[in-house]
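One-letter residues, chain by chain:
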Amino acid sequence: MAPGKRSKSKTNQPKKKTKTASNPDDYETLGGIDSWDWNEIGSQQFMGDESTGFLCLEEISDVEIDYEGDDATGKVAIFKRKKKDNREKGKRANPMAPLAMEDMKDFYDLDTFDEEKAAATETHQAAASFTDKPAKSKKDRSDRQKEQQNDDIAMDNAKQGTDAKRPKVEDVDQSVDVSAWGFVKLAEPITHALQYYKFTEPTPIQAKTLTKALEGRDMVGVAETGSGKTLAFGIPMIQWILQQEERPTGLTGLVLTPTRELAIQVKDHLQNMAMFTDVKVTAIVGGMSIQKQQRVMKQRPDIIVATPGRYWEIISSNQEYMDQLKHIRFLVLDEADRMLEKGHFEELKKLLTELSNKREVTTEWPEDVQGDTPQKVKQVASKYQTLIYTATLDKEIRFNVKSKKKTTAGKGGMADLIDSIEFQDPNPIKIDVTTEKKVASKLMEAKIDCLKTEKDLYVYYFVTRYPGRTILFVNSIDAIRRLVPVFRLLNVEVLGLHAQMQQRQRLKNLDRFKANDKAVLVASDVAARGLDIPLVEHVIHYQLPRSGEIYVHRSGRTARANREGVSLLLCSPDEVKVYHKLCQTLRHGEKYPDFPIDLSILGDMRKRVNLATDLDKIDHTEDKASHEESWLRKMADEMDIEFDEDLVLGKNNKERADQRKQANRGKAYQLRQELSQLLKKQILPMGASARFITGSAASNFVDHMLESEGDASTILPAHAKTRAVDDVKIIRKKKKTSKQ
Ligand SMILES: Nc1ncnc2c1ncn2[C@@H]1O[C@H](COP(=O)(O)OP(=O)(O)OP(=O)(O)O)[C@@H](O)[C@H]1O
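Residues numbered from 1 in each chain as written. Predicted model: local features only at pLDDT ≥ 70, side-chain atom pairs only at ≥ 80, totals over all residues. Heavy atoms only, no water.

The chain is annotated in an unreviewed UniProt entry as RNA helicase of Hesseltinella vesiculosa. The record in UniProt for the chain states the following under Catalytic activity (unreviewed entry): "ATP + H2O = ADP + phosphate + H(+)". Heading Sequence similarities (unreviewed entry) of the UniProt record for the chain holds this comment: "Belongs to the DEAD box helicase family." (UniProt positions renumbered as here; feature names shortened; annotations may be inferred.)

### A few points about the site of the ligand
Near the ligand you find 22 residues, and of these Gly226, Lys229, Thr230, Asp532 and Arg560 are the closest. One nitrogen or oxygen atom from the main chain of serine 227 is found 3.0 Å from an oxygen atom belonging to the ligand. Contact between the ligand and lysine 229: an oxygen atom at 2.7 Å from a side-chain N or O atom of the residue. Here the ligand loses 90% of its free accessible area of 640 Å² to cover by the protein chains. For the shell around the ligand, the residue count by class is five nonpolar, nine polar and eight charged. In this structure, the shell around the ligand is formed jointly by two domains, domain 3 (202-362 + 378-432) and domain 4 (443-598), each of which donates at least three residues. (Near = heavy atom within 4 Å. Polar contact = N/O pair within 3.5 Å; in protein donor to acceptor, adjacent residues only side chain to side chain. Areas by Shrake-Rupley, 256 points an atom, 1.4 Å probe, with all protein chains shown as cover. Nonpolar A, V, L, I, M, F, W, Y, C, P; charged D, E, K, R; others polar. Domains from an automatic or database assignment.)

### Structural notes on the sheet that holds strand β16 (residues 494-497)
In a beta sheet, neighbouring strands are held together by backbone hydrogen bonds and run either parallel or antiparallel to one another. Within the open sheet, the six strands sit side by side as β14-β19-β18-β15-β17-β16. Their pairing is parallel. Each edge of the open sheet carries a strand with a single partner, namely β14 (443-449) and β16. The average undirected angle you get between the axes of adjacent strands in this sheet is 20°. As paired elements, strand β15 (residues 470-473) and strand β17 (residues 520-523) share four bridges and run parallel to each other. Residue pairing for β17: isoleucine 471 is matched across the bridge by leucine 521. (Pairing = 2+ DSSP bridges. Helix = DSSP H or I, 4+ residues; strand = E, 2+ residues; numbered from the N terminus. Axes fitted to C-alpha atoms, helices over the stretch in contact; angles between N-to-C directions.)

### Remarks on the nonpolar core
Counting 51 residues, the largest nonpolar core has Phe462, Leu472, Phe487, Leu490, Leu568 and Phe595 as its most contacted members. Dropping the residues within four chain positions of it, phenylalanine 462 is found in contact with His538, Ile540, Val566, Leu568, Phe595 and Ala724. Counting residues in each nonpolar core, the second largest holds 47 residues, with Ala187, Ile190, Val266 and Ala274 among its members. (Core = buried A, V, L, I, M, F, W, Y, C linked by side-chain atoms within 4.5 Å. Buried < 20%, exposed > 50% of the residue type's maximum accessible area, 1.4 Å probe, protein only. Contact = heavy atoms within 4.5 Å.)

### Looking at the packing of aromatic side chains
All chains considered together, the criterion is met by 10 aromatic pairs. Ring centres 6.0 Å apart and planes at 50° place the aromatic pair tyrosine 579 and tyrosine 592 in the tilted group. You can see tyrosine 579 sitting in helix α17 (residues 576-587) and its partner tyrosine 592 sitting in the loop between α17 and α18 (602-638), a full 13 residues away along the chain. For tyrosine 592, a relative accessible area of 1% corresponds to the buried category. Taken together, the ring pairs in this structure connect Tyr196, Tyr197, Phe199 and Phe276 into an aromatic cluster. (Phe/Tyr/Trp six-rings, centres within 6.5 Å; stacked < 30°, edge-to-face > 60°.)

Here it is, written out as structure tokens:
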């Protein structure tokens, strides 16, 4: 394992050199340290940095060491422990273990997201997430152990608890008017769920597709991000199950999604809609234990939401699961265009081919054979429906600047996908409710032209000036690894999310992001599709997206469900070509308006950002060096050889390294002090001082200063608390009037 990327750290090393003259029979000999009975300490909160990381601590007590041999022949350490009948068995940490379904559940309770509760716990959660420290004292440790035990009990009870928490029909506020759904005759339990979630009217894609989908037609639905596509295919599936005279017992619906997070989210939405029914919805995704998922499969869910890869892996080795395919009444492809991307398409095609084979066989199923006599059985899914949903079907916006290839062209393109799908309908209905704009109607878009090296500064400016839940999209994982610590040094409440992170950490960070309305999530495009995080106010494209399609999906994380939101492009000179391409494909060549920047405070912000960047560079160099050294030390320790610094590092090198370390420590200390002093100060526009407001600088900010007097939490006391969305509206208006 590479230094610095260890997933766990063993601490509380056994006390070295404890010569014991006691009876050897009182002791048990311990083997290699990896077989010891380590105990995990600390709760799951104790997770280090976002991108790599330190996930848990383990300790072991009562270990003693005897040495065999002497200095002349070489010593061998023998680890032993006093025998004890009542010693509690250690509970080893297993940070690499796949997550159980119950673990995932709590992180995706999107629709029941309680803003008040989140606000109340926000301070607590934010404090825990941004300043997590290892337990220091014994008391801390035992508290944490207790906490952990409680967590385990809670986890064991989770399934039961979920059922107990499940709302009952009596909890539904019957006065909620859902008559706008009257154009389709929905089953009562679905109507109750709509009332419960106060979905008083259908969204346009739901209104346009539901009637036809409920009639059994095949459908390709295209609608902007966040427009309610999940229920557009979810309601017809649930309704069909409820309407059957004889309750179907096989797998009725298979929903395929390109990412794990999306699968779990879709499963949650469907479960919510089916909450007053006995319809079972489950998710099958990578990153969770196969055994657990096989158990789930055995419970015969009515609807499975899955990523194609994991689903194929599970069913392809099991004839029974393969045979479930023949019952499928609904096949749904959500975010269909994303399935065309590398890695998804082949598995999807295998699945579609198998589905097609299964449908051809209509009789004599292996599991229906009774004794030796094959029985003819009715084919349950004599009619089946295919529903395809996407936010971006338009070929033009799928440009890829680098390859200059249209992803739709040739093998693996949308045409190929559509060809592979066996629509039963000779004319599947295509309903496209996207507007010319291709993005949500209440999305306010703008851009900032800046140098590549100034992007951190502008992000800092934006998130300080407009605190609010923000996703910062970047094009590389390295950028996330750099930006998270830099912004953390600037006291920004920042989290990372990318595909190389452990699934557990990914979910944890998403959960923290949802619970903190000022958090900034620095994410790769793993978060661009489908994720329905409530109340994201801003999306910033730190680097321009590589295609119009990605822009649409990234921006679609805000301005969801008819809310407002801002999408801001940070455009550096080397990205101008991509920028023009975006304008052409998404805006008929029209430029994005320039986001208004208050230049008078940029200087102060630049100082902070530069200090944080320099400090991070030093921290990074030192971390790397010390990880390497401690890794060598550990190796030496495990091989029971003495770690000779002079020999391993070289005498001169070692001296130089020590001097460098010393100098860096001094410099880091100085920078840290300087930064912390600056961060304590409020930022005033140039020309104003905290003591004297000069005539030239005194505009209406005097009022704002008076308003915010005494509020030390306000970093920008001279600025009105405007929303970014309103500031973009103003410049758009100005732009329009200047054109007239
Ligand atoms: N009829 C409705 N009324 C109010 N809110 C709704 C309605 N239908 C869905 N929603 C809510 O709107 C949000 C977005 O829905 P959904 O995730 O289905 O969008 P989507 O079109 O699939 O988006 P994306 O393309 O980004 O995946 C969800 O929080 C959902 O609960």
